[in-house]
Amino acid sequence: MAPLKTCKTAKRARASFEVENGSISKKRKQNDCEDYFSNLPDDLLREIFNKLTHTDLDELSIVSRKISYFASLARPIVEKETMELFEIHYHKGKFEISVRKTRHSQENEKYSLRVHLMKSANPVCEKWKGWKNEMEKAKYDAKKTTGKIAPVLPLTNDICNSIEYLFKRFSCKQIKFFSGLMDLNIMTFFGHIIANVINLNIEFISMINVRREYNEIYYMRVLDWIASLKAQTLYLYFNRQLTGKIYASFLREDNINSQEDFPKVQFPSEEPIFFMAMLRCAEIPTLVLDKISFLQIIKAF
Amino acid sequence: MVLITLVSSDEQNFPVERELLKQSGTIETLIVNMNLDDEDTDAAAMPIPLPNVKGDVLEKVIQWMEHHKGDPVKEGDNEDNNAEIVVPQWDDDFFKPAMYGSKHLELTVAASYLDIKNLLTLSCKAISNTFKGKTGPQIREEWGVPNEFTPEEEEAIRKENEWSE
């Protein structure tokens, strides 16, 4: 049996550890200038960084190039800050996406991304933390109502990166789309972003009322896209001018919150696209439609 | 009480209670492979070499295992919710004196090598806690990380992250 140095050697090891570290307070020793932390194995750096928040990673990203790289790797893994609501507005030449901590957050309690299309051919992407004063807000509102209708929002890389950044950083329970003119690029982009979010409530308000020149195929394509988002709860508040055909394409037999004052319904049940839309919507657990009388629809059948 | 001898990279011997070593996946595998649990085997005569762990670090690891004797041992991948991990007071006091030196990092590397999941998780969490509420320059100073960024580069990164509170 090999002779054991145990007790003595163990004591010596303990003593050397304590002597070496006894004088180390919270700060590093002045002469201990070696960068041990950056030299940790990659898997340990990942393990450490995965236990942080986005705010911590912001600070780590300016420490060094290597640490910045590992901070970026941890972004998809660390907990997102939970927000109540994402709001996506598209109004006459201005695009705005806001992230609200609570449904009734004050202006300065939300994070926003604004894209201005009014004055320049090239959209300006602006990160925005709220109105500085009431006058500024009034000025913005005035522009919003008097501005001419802008072309379809060009999704530049800058805009896409900024929107993706918001979705990577914050998780939310609900997304609201306001008055959005959804072209194929926008649908593809948001479809991709929302695809992996589960238990999401999605709300569309006055979305498909902007361009009369768009035909029914366009509407159906948008509706098909909405259905494909697989929301936990889908709220659809359309313009009344649309035909019952559109409403009916989202009909399910249960979970419909009926409301009164529904325009006259026409059911093009012979159209295959109608059945396809019905089929896809069947995967949505809860569907809420505005101004629709469920009984009226049932009667029509 | 069965003792098993661990030998550190600097050839220090540590007799350790068999029961404690169940916390280490690496050593547990070696014990099984070497049949050290058999009644016929003289476990004390067959020391386990740990060429990647220095004596002072192994001493700390054993000290930690002694305190956590009887704790449930995690199996498989770490599925803890990272945000909910809390470092207990005893562990915090255990890690703190060596936190910003090389020793704590060596302890973390040893926990990884020896596959002691609870120690690895708590040790990493303790390190990550040192970053909380600190600015980039403060972290740099505390951990001795050289600044590689020009002021312009640093400003550009800050601008990208300006949503941070």
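The rules behind these values
Residues numbered from 1 in each chain as written. Chains lettered and ligands numbered in written order. Predicted model: local features only at pLDDT ≥ 70, side-chain atom pairs only at ≥ 80, totals over all residues. Heavy atoms only, no water. Helix = DSSP H or I, 4+ residues; strand = E, 2+ residues; numbered from the N terminus. Buried < 20%, exposed > 50% of the residue type's maximum accessible area, 1.4 Å probe, protein only. Contact = heavy atoms within 4.5 Å. Areas by Shrake-Rupley, 256 points an atom, 1.4 Å probe, with all protein chains shown as cover. Phe/Tyr/Trp six-rings, centres within 6.5 Å; stacked < 30°, edge-to-face > 60°. Core = buried A, V, L, I, M, F, W, Y, C linked by side-chain atoms within 4.5 Å. Expected span 1.5 Å × (residues − 1). Pairing = 2+ DSSP bridges. Polar contact = N/O pair within 3.5 Å; in protein donor to acceptor, adjacent residues only side chain to side chain. pLDDT = per-residue confidence, 0-100. Salt bridge = Lys/Arg side-chain N within 4 Å of Asp/Glu carboxyl O. 1 Å grid on protein atoms, 1.4 Å probe; cavity = no way out; pocket = protein on both sides within 12 Å on 5 of 7 lines; lining within 4 Å. Points joined across faces, edges and corners; volume = space filled by probe spheres on them. Nonpolar A, V, L, I, M, F, W, Y, C, P; charged D, E, K, R; others polar. Axes fitted to C-alpha atoms, helices over the stretch in contact; angles between N-to-C directions. Parallel < 35°, antiparallel > 145°, perpendicular 65-115°, else oblique. Left-handed = near helix turned anticlockwise from the far one by under 90°.

**Things to note about the overall build of chain A**
1) Next: Each helix and strand counted, chain A has eleven helices and eight strands in total.
2) Next: With 301 residues in all, chain A has 47% of them scored as buried.
3) Next: Within chain A, counting contacts between residues at least 6 apart in sequence, those at least 24 apart form 67% of the total.
4) Next: Counting only carbon and sulfur atoms, one obtains 53% of the accessible surface of chain A, whose full area is about 16100 Å².

**Comments concerning the overall build of chain B**
1) Next: Of regular secondary structure, chain B possesses seven helices and three strands.
2) Next: The linear arrangement of helices and strands in chain B, starting from the amino end, is β-β-α-β-α-α-α-α-α-α.
3) Next: By the burial criterion, 47% of the 165 residues in chain B qualify as buried.
4) Next: Within chain B, residue pairs in contact and separated by at least 24 positions form 62% of the contacts whose partners lie at least 6 positions apart.
5) Next: Carbon and sulfur atoms make up 49% of the accessible area of chain B, which amounts to about 7900 Å² in all.

**A closer look at the packing of aromatic side chains**
1) Next: The tally for this structure, following the rule as stated, stands at eleven aromatic pairs over all chains.
2) Next: Judged by centre distance (5.3 Å) and plane angle (70 degrees), the rings of A:Phe189 and A:Phe190 are edge-to-face. Just as A:Phe189 is buried, A:Phe190 falls in that class too.
3) Next: Every member of this aromatic cluster is reached through a ring pair, and the members are A:Phe37, A:Phe49, B:Tyr100, B:Phe131 and B:Trp143.

**Re the nonpolar core**
Most often, soluble globular proteins keep nonpolar side chains buried together rather than apart.
1) Next: Counting 55 residues, the largest nonpolar core has A:Phe37, A:Phe49, A:Leu60, B:Val61, B:Phe95, B:Phe131 and B:Trp143 as the members making the most contacts within it.
2) Next: When near neighbours in sequence (up to four residues on either side) are disregarded, B:Phe131 contacts A:Phe37, A:Ile48, A:Phe49, A:Leu52, A:Asp56, A:Leu60, B:Ile139 and B:Trp143.
3) Next: In this structure, A:Ile159, A:Met187, A:Leu200 and A:Leu229 belong to the second largest nonpolar core, which totals 27 residues.

**Some points on helix 6 (residues 157-169) of chain A**
1) Next: With 13 residues, helix 6 of chain A extends 18 Å between its outermost C-alpha atoms, agreeing within 8% with the 18 Å of an ideal straight helix rising 1.5 Å per residue.
2) Next: Among the residues making up helix 6 of chain A, those that are buried are A:Ile159, A:Cys160, A:Ser162, A:Ile163, A:Tyr165, A:Leu166, A:Phe167 and A:Arg169.

**A look at the pairing of strand 1 (residues 3-7) of chain B**
Residues and elements named next belong to chain B.
1) Next: Strand 1 sits mainly inside the fold: four of its five residues count as buried.
2) Next: As paired strands, strand 1 and strand 2 (residues 13-17) are joined by five bridges and run antiparallel to one another. Residue Thr 5 lies in a different strand from strand 2, and its bridge partner there is Pro 15.
3) Next: Where strand 1 folds back onto strand 2 in an antiparallel hairpin, the turn is made up of five residues, including Glu 11, whose phi is positive at roughly 60 degrees.
4) Next: Inspection of the sheet shows strand 1 paired to strand 3 (residues 48-49) by two bridges, in the parallel sense. Its bridge partner lying in strand 3, Leu 6 is registered against Ile 48.

**What to know about the environment of A:Asp58**
All names here are of chain A.
1) Next: Residue placement: Asp 58 occurs in helix 3 (residues 54-60).
2) Next: Using a relative accessible area of 5% as the deciding quantity, one classes Asp 58 as buried.
3) Next: For Asp 58, the side chain forms a polar contact with the side chain of Arg 169, separated by 2.8 Å.

**Examining the environment of B:Leu122**
All names here are of chain B.
1) Next: Mapped onto the fold, Leu 122 is located in helix 5 (residues 117-129).
2) Next: By relative accessible area, which is 11% here, Leu 122 ends up buried.
3) Next: When the C-alpha positions of Leu 122 and Val 87 are compared, they lie 5.8 Å apart, and in sequence the two are 35 residues distant.
4) Next: In this view, Leu 122 contacts Trp 64, His 68, Ile 85, Val 86, Val 87, Pro 88, Asp 91 and Phe 95; residues no more than four positions away in its chain are not counted.

**Looking at the sheet that holds strand 2 of chain B**
One key point about sheets: their strands pair by backbone hydrogen bonds, in either a parallel or an antiparallel sense.
1) Next: Spatial ordering of the open sheet is given by 2-1-3 (chain B), a layout of three strands whose pairing is mixed. Bordering the open sheet on either side are strand 2 and strand 3 of chain B, each of which pairs with just one other strand.

**A short note on the confidence of the model for chain A**
All names here are of chain A.
1) Next: Of the residues in chain A, 40% have a pLDDT of 70 or more, and the chain-wide mean is 61.
2) Next: Low pLDDT, under 50, characterises residues 145-151; the predicted model gives this stretch 15 contacts beyond four residues in sequence or across chains.
3) Next: Predicted confidence is poor over residues 289-301, with pLDDT under 50, and the contacts of this stretch with residues over four places away or in other chains come to 36 contacts.

**With respect to the side chain of A:Ser61**
1) Next: Residue position: A:Ser61 is located in the loop between helix 3 and helix 4 (65-74).
2) Next: With relative accessibility at 6%, the residue A:Ser61 sits in the buried group.
3) Next: Excluding its chain neighbours within four sequence positions, the residues that come into contact with A:Ser61 are A:Ser68, A:Ala71, B:Phe149, B:Ile157 and B:Asn161.

**Remarks on the pattern of salt bridges**
Residues and elements named next belong to chain B.
1) Next: Under the definition given, this model contains 16 salt bridges over all chains.
2) Next: With a shortest N-O distance of 3.4 Å, Arg 140 and Glu 154 are connected by a salt bridge. Here Arg 140 is found in helix 6 (residues 136-143), whereas its partner Glu 154 is found in helix 7 (residues 151-160), with 14 residues between them in sequence. Side by side, Arg 140 and Glu 154 carry an identical accessibility label, which is buried.
3) Next: Via salt bridges that share partners, Lys 54, Asp 56, Lys 103 and Glu 106 belong to a single interconnected network.

**Thoughts on helix 2 (residues 55-67) of chain B**
1) Next: With 13 residues, helix 2 of chain B extends 18 Å between its outermost C-alpha atoms, agreeing within 8% with the 18 Å of an ideal straight helix rising 1.5 Å per residue.
2) Next: Most of helix 2 of chain B sits inside the fold, with ten of its 13 residues counted as buried.

**Brief notes about empty space enclosed by the protein**
All names here are of chain B.
1) Next: Here the structure, examined in full by the defined rule, presents two cavities of 30 Å³ or more.
2) Next: As for the second largest cavity, its lining consists of Gln 23, Asp 71, Pro 72, Val 73, Lys 74, Ile 116, Lys 117 and Asn 118.
3) Next: Grouping the constituent residues of the lining of the second largest cavity by class yields three nonpolar, two polar and three charged.

**Side note on the packing of helix 2 (residues 42-49) of chain A against helix 5 of chain B**
1) Next: Two numbers describe how helix 2 of chain A lies on helix 5 of chain B: the axes approach to 8 Å, and their chain directions differ by 70 degrees. In this view, helix 2 of chain A runs roughly perpendicular relative to helix 5 of chain B, as classed from their interaxial angle. Handedness of the crossing formed by helix 2 of chain A with helix 5 of chain B: right-handed. Along the contact surface, helix 2 of chain A presents A:Leu44, A:Glu47 and A:Ile48, while helix 5 of chain B presents B:Leu120, B:Cys124, B:Ile127 and B:Ser128.

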